[in-house]
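# Remarks on the overall topology
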Amino acid sequence: MNNNIKQIFQLGFPWQTQNPFLFCAYHLDHYPKGNGELGPADSLEGRNLGNDFQIKDGYRMYHGSTVPGFPAHPHRGFETITIANKGFCDHSDSLGAAGRFGEGDVQWMTAGSGVQHSEMFPLIHTDKENTLELFQIWLNLPLKSKFVDPHFKMLWNEDIPILKLEQSTVKIIAGSFNDKQALEPAPDSWAADEDNNVVIWNIKIELKGSITLPKANKSSTRTIYFYEGDTINILGESIPKNHGIEVEADSEITIKAIGSEASILVLQGKPIDEPVAKYGPFVMNTDQELQNAMNEFRTTQFGGWPWRHPDHVHEIGRGRFAKYPDGTLIEK
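Quick caveat: nothing in here was measured; it's all calculated off a predicted structure. Think of each chain on its own: its residues are numbered from 1, step by step along the sequence as written. Two thresholds apply to this predicted model, a pLDDT of at least 70 for residue-level local features and 80 or more for giving and counting side-chain atom pairs, whereas whole-chain, interface and lining totals are computed over all residues. Side-chain measures were taken over the full set of non-hydrogen atoms in the model, leaving aside hydrogen atoms and water.

Attention shifts here to the packing of aromatic side chains. Two aromatic rings from Phe, Tyr or Trp, using only the six-membered ring of Trp, form a pair when their centres are within 6.5 Å; if the ring planes differ by under 30 degrees the pair is stacked, by over 60 it is edge-to-face, and anything between is tilted. Summed over the entire model, instances satisfying the criterion amount to 21 aromatic pairs. With a centroid separation of 6.3 Å and 85° between ring planes, the pair formed by Phe 282 and Phe 302 is classed as edge-to-face. With Phe 282 in strand 24 (residues 282–284) and Phe 302 in the loop between helix 1 (287–300) and strand 25 (321–323), this pair connects stretches of sequence that are 20 residues apart. Considered together, Phe 282 and Phe 302 belong to a single accessibility category, that of buried residues. The rings of Phe 9, Trp 15, Tyr 26, Phe 135, Tyr 225 and Tyr 227 are connected pair by pair, giving a single aromatic cluster. Over the ring of Tyr 59 we find Arg 47, and its NZ or CZ is 3.9 Å from the ring centre. Definition used: whenever NZ (Lys) or CZ (Arg) falls within 6 Å of the ring centre and also within 35 degrees of the ring normal, the charge is taken to sit over that ring. Against the face of Phe 13 rests Arg 60, its NZ or CZ located 5.3 Å from the ring centre. Note on conventions: DSSP H or I runs of at least 4 residues are helices, E runs of at least 2 residues are strands, and numbering of each starts at the N terminus. Each residue's exposure class comes from its accessible area (1.4 Å probe, protein chains only) as a fraction of the maximum for that residue type: buried when under 20%, exposed when over 50%, partly exposed otherwise.

Bringing helix 1 into the picture now. Relative to the 20 Å expected for 14 residues at 1.5 Å per residue, helix 1 spans 20 Å between its end C-alpha atoms, a close match to the ideal helical length. We call two residues contacting when some pair of their heavy atoms lies within 4.5 Å. Tucked inside the fold, the buried residues of helix 1 contact strand 3 (69–75), strand 8 (115–120), strand 23 (277–279) and strand 24. Positive phi shows up at Gln 301, right after helix 1, with a value of about 55°. Multiplying 1.5 Å by the helix residue count minus one yields the expected span of that helix.

For the rest of this paragraph, the subject is empty space enclosed by the protein. The distinction between a cavity and a pocket rests on a 1 Å grid over the protein atoms alone: a 1.4 Å probe fits inside a cavity but cannot get out, while a pocket stays open yet meets protein on both sides within 12 Å along at least five of seven lines, and a residue with an atom within 4 Å of a point counts as lining. Grid points are joined across faces, edges and corners, and a volume is the space filled by probe spheres set on the points. Across all of its chains, the model carries one cavity of 30 Å³ or more by this definition. In this structure, the largest cavity encloses a volume near 40 Å³. Counting residues per element, the ones that place at least two in the lining of the largest cavity are strand 17 (221–228) and strand 22 (262–269). Broken down by class, the residue content of the lining of the largest cavity amounts to three nonpolar, six polar and no charged. Just so you know the grouping, Ala, Val, Leu, Ile, Met, Phe, Trp, Tyr, Cys and Pro go in nonpolar, Asp, Glu, Lys and Arg go in charged, and all remaining residues, Gly too, go in polar.

Let us now look at the environment of Asn 35. Mapped onto the secondary structure, Asn 35 falls in the loop between strand 2 (21–31) and strand 3. According to the relative accessible area criterion, Asn 35 is partly exposed, its value standing at 38%. Distance from Asn 35 to Asp 127, taken between C-alpha atoms, is 9.5 Å for residues 92 residues apart in sequence. Beyond its immediate chain neighbours, meaning those up to four positions away, Asn 35 contacts Pro 40 and Ala 41. Under this definition, polar contacts are N or O atom pairs within 3.5 Å; protein pairs additionally need one hydrogen-donor-capable and one acceptor-capable atom, and for neighbouring residues in sequence, both atoms have to be side-chain atoms. For Asn 35, the side chain forms a polar contact with the main-chain nitrogen of Leu 38, separated by 3.4 Å.

Okay, here's the thing in structure tokens:
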């Protein structure tokens, strides 16, 4: 194996990541037509509703019982970056923020001191299938930012920079590529400091095409996730779909698509040189801080849940929008 390849591994659920990332969940669900109430026009018999993570008939309901998704749950101490390539996500949270985003939009949420949110997958289309392709990336926060105020930010698809190269395209969600800069991340993010070299790229490579990833700082980690296509070649290694590749960040890496076009996700960043203590939805530095987080959530519910249902979804005919905690409303 080439010395610039540190590890090749099978992609599971979720995907393993390197510091400063905590994990990446990749959701690909081929939902049927909607039933007019944002759920599937399909029998749910035989599913373990409330905890349905086995793909049956091409999709999962996750923790949803009528609409697929993840009803209200808490977070503290890190960030969620949700990339909705296909389909839609309905966001609601304990700050009163809400939104419907999808078809390429990205939501960046800093949990900070504590927030509850729900992420439901509304099946909007009643005349055709509702395919969902979504990544949720957990990016850690350093000690100094663990208790910042929660923050909710939308990166709309039409605003996200896309670099069109001769044989590939790069959607720049964080960081930069060939001097083309991403939109600003959340203000307290580890990604907000350029010295931390945080990168999130979603790349498509044409059949028989290639792309060369530029050099980064040696102190950074870099992982390539090959999730759609046939085969890619990296530094002489032929790698099939559904594999991750940890590579040295301080070398140029050329990736070639073989057999079909290829889609990859690249996560890169300078590690946070601090201890990590995590339990479920909380990521802190010590076990005592985890215990404190659990106790505080039991007592305060991180401000409570202002919505009628834990699996709150928005109006059936509603388009893409974001309502911020200060009441600002953006309609797309």
